[in-house]
Amino acid sequence: ENEEFEGEGFEEAEQESNSQGSVTENAVPEEPAPVKDAPTGTAAPEPTKPDPSTPNPEDAVHAEHELEMRGGSMSEPEISALLHERLVWVTATGRSVSRADTIAYRARAFTQQGNPAKQGVQVVDDHNVLIMAAVQTARGRVNRSSLWHYDTAAAPKSWRLRFRQETTAS
């Protein structure tokens, strides 16, 4: 069996800290820049609407929330759809955990208690979103960084967790 989940990893309680850590909060832009008035005699350009084929960063935030709230009880096909094929998860103890082990031990891996204390979202580019949060888990308080990638190779195309790193909050 996997030692990370059985021993030092998802199973072992880490020291709890009263400090919440700091998370830089960068909001995802919600509205386009205002359109300037057109010169007299010409029509104002139509405001641009989001392209439905372009990934929406808010969908990555929703996927993160879904994984945290239901990940431990999801079926294997449900959780597999949210985890990238090459997922790497670095736990607060510094161990790397594979996608297969995360799926196999999902009840231990997803033990978030309540909502994140602080959450920041940074759009890296059109296909990558970084979500940072201070989270209380069964192992103690951790600062968590999750990189969500819009996977165009997946069927259907979707946001999938590509990398996660947790650091014990101090």
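You'll find the structure just up there.
Source: prediction; values computed, not measured.

Caption draft 1: Spatial organisation of the overall build of the chain. In terms of helices and strands, the chain carries 5 helices and 6 strands. Ordering the α and β elements of the chain from the N terminus gives α-α-α-β-β-α-α-β-β-β-β. Expressed as a percentage of its 170 residues, the buried residues of the chain come to 38%.

Caption draft 2: Highlighting the sheet that holds strand E2 (residues 96–98). With mixed pairing, the 6 strands of this open sheet are ordered in space as E2-E1-E6-E5-E4-E3. Here the strands that pair on one side only, and so sit at the sheet edges, are E2 and strand E3 (118–125). The average undirected angle you get between the axes of adjacent strands in this sheet is 20°. Here strand E4 (residues 128–137) pairs with strand E5 (residues 140–151) via 10 bridges, running antiparallel. Among the inter-strand pairings, Ala134 is bridged to a residue of E5, identified as Asn143.

Caption draft 3: Molecular detail of the pattern of salt bridges. A complete count under the given rule lists 9 salt bridges for this structure. Where Glu64 meets Arg164, a salt bridge forms, and the shortest distance between an N and an O atom there is 3.1 Å. Highlighted residues: Glu64 in helix H2 (residues 57–70) and Arg164 in strand E6 (residues 158–168), separated in sequence by 100 residues. On the basis of relative accessible area, Glu64 is assigned to the buried category, the value being 5%. Sharing partners across several salt bridges, the network here consists of Glu64, Glu68, Arg144, Arg164 and Glu166.

Caption draft 4: Seen up close, H2. The end-to-end C-alpha separation of H2 is 20 Å, in line with the 20 Å expected for 14 residues at 1.5 Å each. Among all positions in H2, only Pro57, Ala60, Ala63, Glu64, Leu67 and Glu68 are buried. Around the axis of H2, the buried residues are gathered within 130° of arc, so they sit on the same side. If you follow the buried residues of H2, they end up packed against helix H3 (76–82), strand E1 (83–90), E3, E4, E5 and E6. Residue Asn56 occupies the N-cap position of H2, its side-chain oxygen lying 2.9 Å from the main-chain nitrogen of Glu58.

Caption draft 5: Expanded view of the environment of Ala138. Positionally, Ala138 belongs in the loop between E4 and E5. Using a relative accessible area of 48% as the deciding quantity, one classes Ala138 as partly exposed.

Caption draft 6: Main features of the side chain of Glu166. Looking at the element boundaries, Glu166 is found in strand E6. A distance of 2.7 Å separates polar atoms of two side chains, one belonging to Glu166 and the other to Arg144.

Caption draft 7: Structural context of the packing of aromatic side chains. Inspection of every chain in the model, using the stated rule, returns 2 aromatic pairs. Judged by centre distance (5.4 Å) and plane angle (55°), the ring pair of Trp89 and Phe110 falls under tilted. One end of the pair, Trp89, is in strand E1; the other, Phe110, is in the loop between helix H5 (106–109) and E3, and 21 residues separate them in sequence. Geometry around Trp89 places Arg164 over its ring, the cationic atom sitting 4.9 Å from the centre.

Caption draft 8: Local environment of the nonpolar core. By size, the foremost hydrophobic cluster in this structure holds 20 residues, and its most contacted members are Leu67, Ile79, Leu83 and Trp148. Mapped onto this core, the elements with two or more residues apiece are H2, H3, E1, E4, E5 and E6. Filtering out sequence-adjacent residues up to four positions away, Ile79 remains in contact with Leu67, Gly71, Met74, Ile103, Arg106 and Phe110.

Reading guide: rules and limits
- Residues numbered from 1 in each chain as written.
- Predicted model: local features only at pLDDT ≥ 70, side-chain atom pairs only at ≥ 80, totals over all residues.
- Heavy atoms only, no water.
- Helix = DSSP H or I, 4+ residues; strand = E, 2+ residues; numbered from the N terminus.
- Buried < 20%, exposed > 50% of the residue type's maximum accessible area, 1.4 Å probe, protein only.
- Pairing = 2+ DSSP bridges.
- Axes fitted to C-alpha atoms, helices over the stretch in contact; angles between N-to-C directions.
- Salt bridge = Lys/Arg side-chain N within 4 Å of Asp/Glu carboxyl O.
- Expected span 1.5 Å × (residues − 1).
- Arc of directions from axis to C-beta.
- Contact = heavy atoms within 4.5 Å.
- Polar contact = N/O pair within 3.5 Å; in protein donor to acceptor, adjacent residues only side chain to side chain.
- Phe/Tyr/Trp six-rings, centres within 6.5 Å; stacked < 30°, edge-to-face > 60°.
- Lys NZ or Arg CZ within 6 Å of the ring centre and 35° of its normal.
- Core = buried A, V, L, I, M, F, W, Y, C linked by side-chain atoms within 4.5 Å.

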